[in-house]
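Single-letter residue listing:
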Amino acid sequence: MSLLIPCPHCGLRPVTEFIYGEVPEVPDTITDPDARDFDRSFMRKNPEGVQVERWFHTFGCRRWVTIHRDTRTDEVVSDSA
Amino acid sequence: MNEFIEKKVELRWHEPKRSYDVVIIGGGGHGLATAYYLATRHGITNVAVIERSYIGGGNSGRNTTVIRSNYGVPEAVRFYQRSVELYQTLEQETDRWVMHKQKGLLWLAHTEAGLRAERARAEVNQAFGAKTYFVGPDEVKKICPHIDLSGAGVWPVLGGSYHVEGATARHDRVVWAFAEGAMRRGVHVHQRTAVTGLLKEGDRVVGVQTDQGPISAGAVVSAVGGHVTTLGAMAGLRLPIRTHPLQAYVTNHYDLSFDQIVASTALLFYVSQTARGEILLGAEIDRQPSYSYRSDHHLIQSCSHRAITLFPFLRNLRVLRQWTGVCDMSPDYSPIMGKTGVEGFYITTGWGTWGFKAIPAGGEQMAQLIATGETPELIAPFSLDRFAQDRTLADRGSAGTH
């Protein structure tokens, strides 16, 4: 398994047990409410580096997990465990 | 392999100039094809293609080489059919053997819903110029004798669609053919040159900053795979792209008798045989957004498990090689091509898991856009502003796996 997600309830579990949940980050420079809704729906920060992300543990405790992961290496740099 | 590059394909390298009419970022299939068609169709040869590694070293050399046009929405069928046709004449046009082989592609259905989807696919395809026909189980068995129609008792094959013009080609040879054709006409290709920024005058993009120095350009085209979000940000663009790894693997040699490409949306895998006799398998993208090229055992395990239900002979084979590419996934599983709203900056991205088959048409249409300044009708539906205009092209046909 290339990626293990640290779940505070279940320990290190394979990513295939989880569903990815995006944390939308609409830039403050966008002020129009409609434009913010649009950006939130479609646009992605997609960073090459550490990002905050949420995972839902479908095949486990069925709770949400928040982690910081480096998208270049898949290394989990901090977690909520 | 080196012998092929050095003796047969003549790649001519040049020192970078300080200025070009067009600078294309990304020396993969799409970037080089755009340069090729700029040179051959529009006589624009003062062009540079900038590649941070080596040509064809990204997704152009990592895909599973399927060429097809059996998509689910009219705009996509028309576009990919153009690409299928350009591929059919590519060897003649470039005088290079890219190992293009028409194999026929079977897309299987295992449920009533699947049958409806494949019937709809065949209808849409025929209406917009692609040769795809609905077939029953008997015909499936006739086309592909290796298949176990019972699906190991779990995934029975109820029918499917047969895409006659489905084909494969050797991916790096396609890249080299376009590179050579473009270079012969005066296009410069600069490998090991990384773009570190964009040169701007006001809101207009007027060139690129590279680790070999600045290069000014009349037009800058992003044909980058995998890192387009970072490049877009340099131009001040936010893009609807998320980057996911996609893995594939090949087995050891098998008798050269598996002549088709077979895919199953329900089982999420596809299989074909390479010219070397390896059985090539691929499945869905990894679920985490990532730029990592790491492969994992889970994919081999789950994909093989699914493939063996339809092709029992696979159980006797061994996995030889596995690799990963990173795919730019758009929200509607369709590519994004055209103007960006930033003057002087064009983009071709969102090639997700369906970029290789689109190389000739993508290059041809982007070249026409850059040469004329007008967005060609064929790619107008794929513009970046379609998301803001509520004209998304949600295509379950491409959301298959390849």
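Before reading further, recall that the structure is shown in the block above.
What this report covers is the structure whose coordinates are included nearby. (Residues numbered from 1 in each chain as written. Chains lettered and ligands numbered in written order. Predicted model: local features only at pLDDT ≥ 70, side-chain atom pairs only at ≥ 80, totals over all residues. Heavy atoms only, no water.)

## A short note on the sheet that holds strand S4 (residues 50-56) of chain A
Residue and element names in this part refer to chain A.
And step 1. Strand order in this open sheet of four strands is S3-S4-S5-S6, and the pairing throughout is antiparallel. A single partner strand is all that each edge strand has here, and the edge strands are strand S3 (19-21) and strand S6 (75-79). On average, each strand axis in the sheet is tilted by 45° relative to the strand beside it, whichever way the strands run.
And step 2. As paired elements, strand S5 (residues 64-70) and S6 share four bridges and run antiparallel to each other. Counterpart to His68 in the pairing with S6 is Ser78. (Pairing = 2+ DSSP bridges. Helix = DSSP H or I, 4+ residues; strand = E, 2+ residues; numbered from the N terminus. Axes fitted to C-alpha atoms, helices over the stretch in contact; angles between N-to-C directions.)

## Some points on the environment of B:Ile241
And step 1. Here B:Ile241 shows up in the loop between helix H8 (228-234) and strand S13 (242-253).
And step 2. Classification of B:Ile241 by relative accessible area gives buried; the value is 0%.
And step 3. Separated by 86 residues in sequence, B:Ile241 and B:Cys327 have C-alpha atoms that sit 9.3 Å apart.
And step 4. Contact partners of B:Ile241, with chain neighbours within four places excluded, come to A:Arg44, A:Asn46, B:Val228, B:Thr229, B:Asp328, B:Met329, B:Ser330, B:Ile336, B:Thr349 and B:Gly350. (Buried < 20%, exposed > 50% of the residue type's maximum accessible area, 1.4 Å probe, protein only. Contact = heavy atoms within 4.5 Å.)

## Considerations on the sheet that holds strand S6 (residues 132-135) of chain B
All names here are of chain B.
And step 1. On the basis of which strands lie adjacent, the open sheet formed by eight strands has the order S6-S7-S5-S14-S15-S16-S13-S17 and mixed pairing. Where the open sheet ends on each side, the last strands, each with one partner, are S6 and strand S17 (319-329). Averaged over neighbouring strand pairs, the angle between their axes works out to 20° when direction is ignored.
And step 2. Relative to strand S16 (residues 278-285), S13 runs antiparallel, the two being bridged by five bridges. Along S16, the bridge assignment pairs Ala248 with Gly282.

## Quick notes on the pattern of salt bridges
And step 1. Enumeration according to the criterion identifies 22 salt bridges over all chains in this entry.
And step 2. The closest approach of N and O atoms between B:Arg238 and A:Asp39, which form a salt bridge, is 2.6 Å. Taken together, the residues B:Arg238 in the loop between H8 and S13 and A:Asp39 in helix H1 (residues 33-42) connect one chain to another.
And step 3. Here B:Arg41 makes a salt bridge to B:Glu93, at a shortest N to O gap of 3.0 Å. (Salt bridge = Lys/Arg side-chain N within 4 Å of Asp/Glu carboxyl O.)

## Thoughts on the pairing of strand S11 (residues 204-210) of chain B
All names here are of chain B.
And step 1. Among the seven residues of S11, five are classified as buried, and the element is accordingly described as predominantly covered.
And step 2. In this sheet, S11 lies alongside strand S10 (residues 195-201) in antiparallel orientation, the contact comprising six bridges. Residue pairing in the sheet places Gly197 in a bridge with Gln209 of S11.
And step 3. Between S10 and S11, which follow one another and run antiparallel, lie two residues, and Gly202 among them has a positive phi close to 65°.
And step 4. The pairing of S11 with strand S12 (residues 213-222) spans four bridges and is classified as antiparallel. Counterpart to Gly207 in the pairing with S12 is Ser216.

## Considerations on the side chain of B:Asn70
Residues and elements named next belong to chain B.
And step 1. With respect to the secondary-structure elements, Asn70 resides in the loop between strand S3 (66-67) and helix H3 (74-88).
And step 2. With relative accessibility at 0%, the residue Asn70 sits in the buried group.
And step 3. Here Arg68 takes part through its side chain, which lies 2.7 Å from a polar atom of the side chain of Asn70.
And step 4. In contact with Asn70, other than residues within four places in its own chain, are Leu105, Trp107, Arg121, Asn125, Thr132 and His163. (Polar contact = N/O pair within 3.5 Å; in protein donor to acceptor, adjacent residues only side chain to side chain.)

## Details of empty space enclosed by the protein
And step 1. As enumerated under the stated definition, the model contains two cavities of 30 Å³ or more in all.
And step 2. Here the largest cavity defines a volume of roughly 90 Å³.
And step 3. Every residue lining the largest cavity is listed: A:Tyr20, A:Glu22, A:Val23, A:Pro24, A:Glu25, A:Met43, A:Arg44, A:Lys45, A:Asn46, A:Pro47, A:Gln51 and A:Val52.
And step 4. Of the residues assigned to the lining of the largest cavity, the class counts are six nonpolar, two polar and four charged.
And step 5. The volume enclosed by the second largest cavity comes to roughly 40 Å³.
And step 6. Forming the boundary of the second largest cavity are A:Tyr20, A:Glu22, A:Asn46, A:Pro47, A:Gln51, A:Thr71, B:Arg242 and B:Pro289. (1 Å grid on protein atoms, 1.4 Å probe; cavity = no way out; pocket = protein on both sides within 12 Å on 5 of 7 lines; lining within 4 Å. Points joined across faces, edges and corners; volume = space filled by probe spheres on them. Nonpolar A, V, L, I, M, F, W, Y, C, P; charged D, E, K, R; others polar.)

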